[in-house]
Amino acid sequence: MKYMLLVCGDDTADASGMAPVEPWVEELAERGVRLHGHRLRLPADAVTVRVRDGEVLRTDGPFAETKEYVAGFDILDCADMEEAIEAAAKHPVATIGAMEIRPFWDDEDAEGEIRRLDGQLTEALRERDIDRAMACYAPDVEVFHPVSGMEQSGADALRKAEEQWFATLAGPADREVLDFRLRIDESVAFSHALVRLRAPLVDGTTLDTTARVTTGYRAAGDRWRIVHQHTSVPSAAARPPAGETRS
């Protein structure tokens, strides 16, 4: 489960004897507990915004005057609150300030949505449905396309490459995901997959190849889309006679 760790400093505290934060960051990052985080500028640089009766009201300075303030934040991925408390207690600022731990809402299923997106690619290829396949990609996607051998920048360029690829198919293509490893970090995610493709081609040969596919995803609103994809396939070999299999 993910937790937001708010690192609260204290203007009245003496930080001269506080241990450095870097060892804490390195230890939790190596354990996969700390996903990311950052320091924040002092409250004097803050701007508070309110809207009343349609009017935007701006106030320079923090929301409330207090000796304690949020000095930074960390996103933790812990098994439970007890593990989050243990991690927070080891933060050096805990000795002079305070750590506020707040769990994320757990009603989002990012992993499930990304896996469904990958499944949509499989179905689109089997049905040779170019529109369904393109719906998986963001408008600004960057793809190293295995057919053209070139980088395609943007959805329009990718569609042209996909149309060329679909035109070589003589029937449904079978896309089998042999291995799929996924890492999600808030609004971005990466997957590493081993994918086998099998399909009859218009020239009478059969495609049967296994590729390694690295994919980057970005969440836009409540939807995940592919923003980067790199497919590595075996070196092209001489095309076999009709009826034989190409790999």
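(A) Spotlight on the overall build of the protein chain. If you tally the helices and strands in the protein chain, you get five helices and 13 strands. Computed over its C-alpha atoms, the radius of gyration of the protein chain comes to 25 Å, more than 25% above the 18 Å expected for a compact globule of 247 residues. Counting every position in the protein chain, which comprises 247 residues, the buried fraction comes to 33%. Considering only intrachain contacts with a sequence separation of at least 6, the fraction spanning at least 24 residues in the protein chain is 62%. Surface accessibility of the protein chain: about 14,900 Å² in total, with carbon and sulfur atoms responsible for 51%. Positive and negative side-chain charges in the protein chain, numbering 29 and 46 respectively, have mean positions lying 5 Å apart.

(B) Seen up close, empty space enclosed by the protein. Within this structure, the stated rule accounts for one cavity of 30 Å³ or more. Of the pockets and cavities examined, the largest cavity occupies roughly 60 Å³. Mapped by element, the contributors of at least two residues to the lining of the largest cavity are α3 (110-127), β9 (174-185), β10 (188-200), β11 (206-220) and β12 (223-232).

(C) Geometry of the pattern of salt bridges. Tallied over the full model, the rule gives 17 salt bridges. In this structure, the salt-bridge partner of Arg198 is Asp174, at a minimum N-O distance of 2.7 Å. Residue Arg198 is found in strand β10, and its partner Asp174 is found in strand β9; the two are separated by 24 residues along the sequence. Take Arg198: its relative accessible area is 28%, and that puts it in the partly exposed class. We classify Asp174 as partly exposed; its relative accessible area is 35%. For Glu176, the salt bridge goes to Arg198, with nearest N and O atoms at 2.9 Å. Of the two residues, Glu176 sits in strand β9 while Arg198 sits in strand β10, which places them 22 residues apart along the sequence. Classification of Glu176 by relative accessible area gives partly exposed; the value is 31%.

(D) Quick peek at the environment of Glu111. Along the chain, Glu111 falls in helix α3. Judged by its relative accessible area of 39%, Glu111 is partly exposed. Setting aside chain neighbours within four positions, we find Glu111 in contact with Leu182 and Ile184.

(E) Region of the structure containing the confidence of the model for the protein chain. The pLDDT averaged across the protein chain works out to 88; a share of 91% of its residues lies at or above 70. For residues 236-247, every residue scores under 50 in pLDDT, and the model assigns this stretch 23 contacts once sequence neighbours within four places are set aside.

Cut-offs applied
Residues numbered from 1 in each chain as written. Predicted model: local features only at pLDDT ≥ 70, side-chain atom pairs only at ≥ 80, totals over all residues. Heavy atoms only, no water. Helix = DSSP H or I, 4+ residues; strand = E, 2+ residues; numbered from the N terminus. Rg over C-alpha atoms; globule rule 2.2 N^0.38 Å. Buried < 20%, exposed > 50% of the residue type's maximum accessible area, 1.4 Å probe, protein only. Contact = heavy atoms within 4.5 Å. Areas by Shrake-Rupley, 256 points an atom, 1.4 Å probe, with all protein chains shown as cover. Lys, Arg positive; Asp, Glu negative; His and termini not counted. Charge placed at Lys NZ, Arg CZ, Asp CG, Glu CD. 1 Å grid on protein atoms, 1.4 Å probe; cavity = no way out; pocket = protein on both sides within 12 Å on 5 of 7 lines; lining within 4 Å. Points joined across faces, edges and corners; volume = space filled by probe spheres on them. Salt bridge = Lys/Arg side-chain N within 4 Å of Asp/Glu carboxyl O. pLDDT = per-residue confidence, 0-100.

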